[in-house]
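Structural description and commentary
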Amino acid sequence: MDSELIQQIRNQARDLLESGTVKGVIGYERASDGLTARPAFVYELAAVERLIFDETCTHNLVIYLRDKKAEKMAIVVKPCDSRAINLLLNEKQIKRETLFIIGVTCPGVVETSWNYKGQTLQARCQTCQLSKPLVYDFLVGHEPVEWPKAVPYLNVQEMENKSIAARRDFWLGQFERCIRCYACRQVCPGCYCPECFVEQLDPLWVGIRIAPKENELWQIMRAFHLAGRCIGCDECERVCPVDIPLSLLNQKLEKKVKELFDFQAGLSPEEQPPLATFKKEEKLGFEE
Amino acid sequence: MVLENPFIPYLATLKSAVQLTPDVKLLRIQLESPAVKASFDYKPGQFALLSAFGEGEAPFGIVSLPRRSDGLEFAVRRIGTVTRALHELELGDVLGVRGPFGNYFPLEDYTGKNIVIIGGGIGMAPLRPVINKILEQRDDYGNLLIINGARTPQDLVFAPEFKIWMEAPRTKLQLTVDRGDESWGERVALVPDVVKEVAPSPDNAIAITCGPPIMIHYTLAVLRELGFKDNQIVTTLEAKMKCGLGKCARCNVGDKYVCQDGPVFTLEQISQFLEQP
Amino acid sequence: MRWLDQLLQERILLAPVRVEGLILFQPVSKVEEVALDFGNTTFSPKEWFLPPTETLFSMQRNDGQPQLVPSMVEKDVVIFGLRSCDAKGIALMDGPFLREPADTLYQERRTRTSLIGLSCRQAQPECFCTSVGSAPNDSSHVDILLTEIEDGYIVQVITDKGKALLPQALVESEEALPPPPELQAVPTKQVTQAVREFFNNPYWGRLADRCLHCNICAYVCPTCYCFDVRDYSNKGSLERVRSWDSCQSAGFTRIAGGYERRATKGARLRQRFSHKLLYFPEEFHDIACVGCGRCVKSCPVNIDIREVMSDLEQLEAKSGS
């Protein structure tokens, strides 16, 4: 554990709370297993000592900003999380002036679950192109260390090499296990619709049946709603209680968007997401 | 009589539909099975779950008195998918009924007391059979004060019955609306404010209120201010319901299930667990 | 275990099976499919009494007259390999489901299912069954209890239903039952009182800050049983379906028109704990938690019921009641 880094975070938190600049600080604290981390909300000075940062801090805390719009909050943000901030700024879901962003030069996080800490960096860290957050008010941590990054989308390519029938069998098999807990949706910074399409009664797009056909519809539609918007935090895959490889599905669409439009979400707060932008000179693919 | 599978409704047909306000209809339905009809006994306060087959099921207070009407009457406000489907039923169409569910107003305990009825909007629906029951046995009860509010004069649900209510002995009717029109000559005020103004005495009285949650919230506060004890204040609550059998764990207010322990509650029973609106 | 093959003849045998990285109760057709070396299954066996999705009834029209056709429960079932905590979970669910008017689909499944339990020789880090009225070798809620020993299993026949499952010859054993593993203690004596007393305490809003309001805790829990009901119609025929739901989901208490009784995150999170620790015990005299620890293991943001119970006890102690 990097105690200097943690001290920096705590000092910032203390200053911000003492001066009344923020109502609270969203960061990380030790979980009940004494080993991994969990999100922390610190509103009082006495609680600042709970804040930590280490390789188990996998959670994307940006999702909590959606419920805290009324107050100014400080938030601890890793480079991948900062892409989520850009996404929400771009989509007008949060206001920059309500945030104090404590950016962390993150050396990567490992796979964790309750009472378990992995030894190798998560797949998304191995392919991560960012060494420090894209947006922050205060930066903590050491000078970012460059380490050899893995080639992105290798797992997607591996799947693309399989036949359509094999791919379909694979995914339908995965979706069969889905129990529609919607944890993937709840933990995703890009899923913020006040009424998700699965909750709509009229028209009834999916309904409440927990069964393969409905599961398939849920999974595929959510993936498409995130096309060009997923920032690759992979939290959906971590939280899934039945181990569906969700990030593989989302990455396929991200790879496609990158190939077609040379675009990745969350790199700037002012971007023009290709699936939400119309240009007169667009190629529509059927003229000429 | 309970069917084997308690989720299966009795079948009923729509006998009449009267438009009471722009969005409220009085539906009268008749149970198809004579055996079910004979054993479907209910008291004011109880409710039934009506199925618009294909659309869904929702709870509605039974607004008729048994033996006083040919069938079961419900005042249904058109506000969602099930209520829209119920409004669109034609005479003779089949719908489902499960019930009677819930507890009822213990009117036997109120004999000799002064009754204050405070209703807002469609909240008047479960209160109507209470009023009618009291009028049926008028000498058994003390003074009757009815405070009835709605958004506009057109939204006063049981307007056609006001004359009967007003002409009953020792009975007063105070009307109010949020927004009046040119022909409206009565109060323009919110229901809790009217309760404050009229200031009914808590002596030997029971206050029964029903309406939008925000109206209930403020009315309960006013009644307490006027000196009504928590066991003198009665309300009947709406809740999202799915099973009506105390099994889907959805409709509770604290430790009380609206479908089993309610919908009629004294404030004493639920005050600790009432959420702030 | 050859005995299980025999049971398969006329019944559906549900047993723990490895599926990808999970251990799930699934129908097996061969004894070899059964997993025996596991802590606990990923999901409790409650799905075999209250399925994630089932049709309550369907509607058909005969000569234009609608007829309601209830669903049927098919075969006799044996669930093999469930832990004592899960068996207690099923017994707790009997409370609301068998209470008048009984849920006939649940009742039918319950009557036709036999339970063969498997004692725990080891506790998992998340287990705390002994703090909530159960034990690793509790035989109260199963028909047969197996305890693994070095060269086989000790078989305890608990009920007549269990007796009916056994083949004729069983060796009487003088062997003593091995002691159960030691478990951590979680303070639970005051929780019911504490939930009532601290119902309006800001503790719940603070705890809910990190809650995602996904449905994971409710779905993995052996005693959570909230469900949703919806009609599905297709060209004149109708199915009324019920599916798992959870008090955490947004809109759980929202009625047409928009009013929502439990609108805030804190109110929704509090509901789960108040239901388990206060409302359920008030009616059924037992808290609705069997100490299996699945919610502790699966919650993505580490909302730990043991921590909540301990926090509540501390609030109670501080208030000096």
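Residues numbered from 1 in each chain as written. Chains lettered and ligands numbered in written order. Predicted model: local features only at pLDDT ≥ 70, side-chain atom pairs only at ≥ 80, totals over all residues.

Check the secondary structure of chain A and you find 9 helices and 7 strands. Over its C-alpha atoms chain A spans a radius of gyration of 20 Å, differing by no more than 12% from the 19 Å that the globule rule assigns to 288 residues. A buried classification covers 42% of the 288 residues belonging to chain A. Across chain A, every contact between residues at least 6 apart in sequence was considered, and the portion connecting residues at least 24 apart equals 70%. (Helix = DSSP H or I, 4+ residues; strand = E, 2+ residues; numbered from the N terminus. Rg over C-alpha atoms; globule rule 2.2 N^0.38 Å. Buried ≥ 20, exposed ≤ 12 C-beta atoms within 10 Å, placed from the backbone. Contact = placed C-beta atoms within 7 Å.)

It is worth spelling out the packing of helix α5 (residues 191–198) of chain B against helix α6 (residues 213–225) of chain B at this point. Helix packing for two helices is described by the angle between their axes and how far apart those axes are. Residue and element names in this part refer to chain B. Where α5 meets α6, the axes come as close as 8 Å, and the angle between the chain directions of the two elements is 15°. Here α5 lies roughly parallel to α6, going by the angle between them. The two elements α5 and α6 cross, and the hand of that crossing is right-handed. Residues V191, P192, V195 and K196 of α5 form the contact with α6, whose own contacting residues are M215, Y218, T219, V222 and L223. A breakdown of the residues in the contact of α5 with α6 according to their chemical character gives 7 nonpolar, 1 polar and 1 charged. (Axes fitted to C-alpha atoms, helices over the stretch in contact; angles between N-to-C directions. Parallel < 35°, antiparallel > 145°, perpendicular 65-115°, else oblique. Left-handed = near helix turned anticlockwise from the far one by under 90°. Nonpolar A, V, L, I, M, F, W, Y, C, P; charged D, E, K, R; others polar.)

Each partner contributes residues to the interface: chain B has 32 residues there, and chain C has 39 residues. For the side of chain B that touches chain C, the residue count by class is 15 nonpolar, 8 polar and 9 charged.

What follows is about the packing of helix α5 (residues 164–176) of chain A against helix α7 (residues 212–225) of chain A. All names here are of chain A. Remark: α5 packs on α7, axes separated minimally by 9 Å, with the N-to-C direction vectors making an angle of 105°. On the basis of the axis angle, α5 is roughly perpendicular to α7. Contacts from L172, F175 and E176 of α5 reach α7 at P212, N215, E216 and Q219.

Before going further, it helps to spend a moment on the sheet that holds strand β4 (residues 56–61) of chain B. The strands making up a sheet associate through hydrogen bonds between their backbones, and the pairing can be parallel or antiparallel. All names here are of chain B. Pairing in this open sheet of 6 strands is antiparallel, and the strands run β4-β3-β6-β1-β2-β5 from one edge to the other. The outermost strands of the open sheet, each flanked by one partner alone, are β4 and β5 (72–77). Neighbour to neighbour, the strand axes of the sheet diverge by 40° on average, direction disregarded. Relative to strand β6 (residues 94–101), strand β1 (residues 10–21) is paired through 4 bridges, and the arrangement is antiparallel. Bridge pairing in β6 links L11 to G96. (Pairing = 2+ DSSP bridges.)

Residue and element names in this part refer to chain C. Read across the open sheet, the 6 strands follow the order β2-β1-β5-β6-β7-β8; overall the sheet is mixed. Strands at the two margins of the open sheet, each flanked by one partner only, are β2 (22–27) and β8 (152–157). The mean angle between the axes of side-by-side strands here comes to 25°, regardless of whether they run parallel or antiparallel. Note: strand β1 (residues 12–19) against β2, 6 bridges, orientation antiparallel. Directly across from V17, in β2, lies its bridge partner L24.

Contacts between the two partners involve 32 residues from chain C and, on the opposite side, 25 residues from chain A. The set of elements that each furnish at least two residues to the side of chain C that touches chain A consists of α7 (216–220), β9 (227–234), β10 (237–244) and α9 (294–298) of chain C. Looking at the side of chain C that touches chain A residue by residue, the classes come out as 14 nonpolar, 8 polar and 10 charged.

The linkage connecting G262 of chain B with the following residue, P263 of chain B, adopts the cis geometry, with an omega of 10°. One can find P263 of chain B in the loop between β14 (256–257) and β15 (264–266). With an omega dihedral of -10°, the bond running from E100 of chain C to P101 of chain C counts as a cis peptide bond. Backbone geometry at D243 of chain A places phi at a positive 55°, although glycine is not the residue there. Examined against the element boundaries, D243 of chain A turns out to sit in the loop between α8 (235–239) and α9 (246–261). With a phi close to 50°, A199 of chain B is a non-glycine residue in the positive phi region. Within the fold, A199 of chain B resides in the loop between α5 and β11 (205–210).

Once that is clear, we can look at helix α10 (residues 305–318) of chain C. Residues spaced three or four apart along an α-helix point in a common direction, a consequence of the helix completing one turn every 3.6 residues. Residues and elements named next belong to chain C. With 14 residues, α10 ought to run about 20 Å at 1.5 Å a step, and its terminal C-alpha atoms sit 20 Å apart, in line with that. For α10, the complete set of buried residues consists of I305, R306, V308, M309 and L312. Considered in projection along α10, the buried side chains sweep an arc of 165° and stay on one side of the axis. The exposed set on the far side of α10, more than 90 degrees from its buried face, consists of A317 and K318. The inward-facing, buried residues of α10 contact α5 (191–197), α8 (265–284) and α9. (Expected span 1.5 Å × (residues − 1). Arc of directions from axis to C-beta.)

Residues and elements named next belong to chain A. Each domain of chain A was delimited in the assignment, giving domain 1 (3–140) and domain 2 (154–273). Averaged C-alpha coordinates put domain 1 and domain 2 at centres separated by 24 Å. Listed by partner, the interface residues are 20 residues for domain 1 and 18 residues for domain 2. Top contributing element to the side of domain 1 that touches domain 2 by residue count: helix α2 (residues 79–90), with 9 residues. Here the residues of the side of domain 1 that touches domain 2 are counted per class, giving 9 nonpolar, 7 polar and 4 charged. (Domains from an automatic or database assignment.)

All right, on to the confidence of the model for chain C then. In the predicted model, chain C carries a mean pLDDT of 91, and the fraction of residues at 70 or more is 96%. Overall fold confidence (pTM) sits at 0.94, and the ipTM for the predicted complex is 0.93. (pLDDT = per-residue confidence, 0-100.)

This part is about helix α1 (residues 3–18) of chain A. Residue and element names in this part refer to chain A. Across its 16 residues, α1 extends 22 Å between first and last C-alpha, which sits within 8% of the 22 Å expected from 1.5 Å per residue. By the burial criterion, the buried members of α1 are I9, R10, Q12, A13, L16 and L17. Down the axis of α1, the buried side of the element spans an arc of 160°, and every buried residue falls inside it. Facing away from the buried side of α1, by more than 90 degrees, are the exposed residues S3, E4, Q7 and E18. Following α1 by one or two positions, G20 has its phi on the positive side, about 75°.

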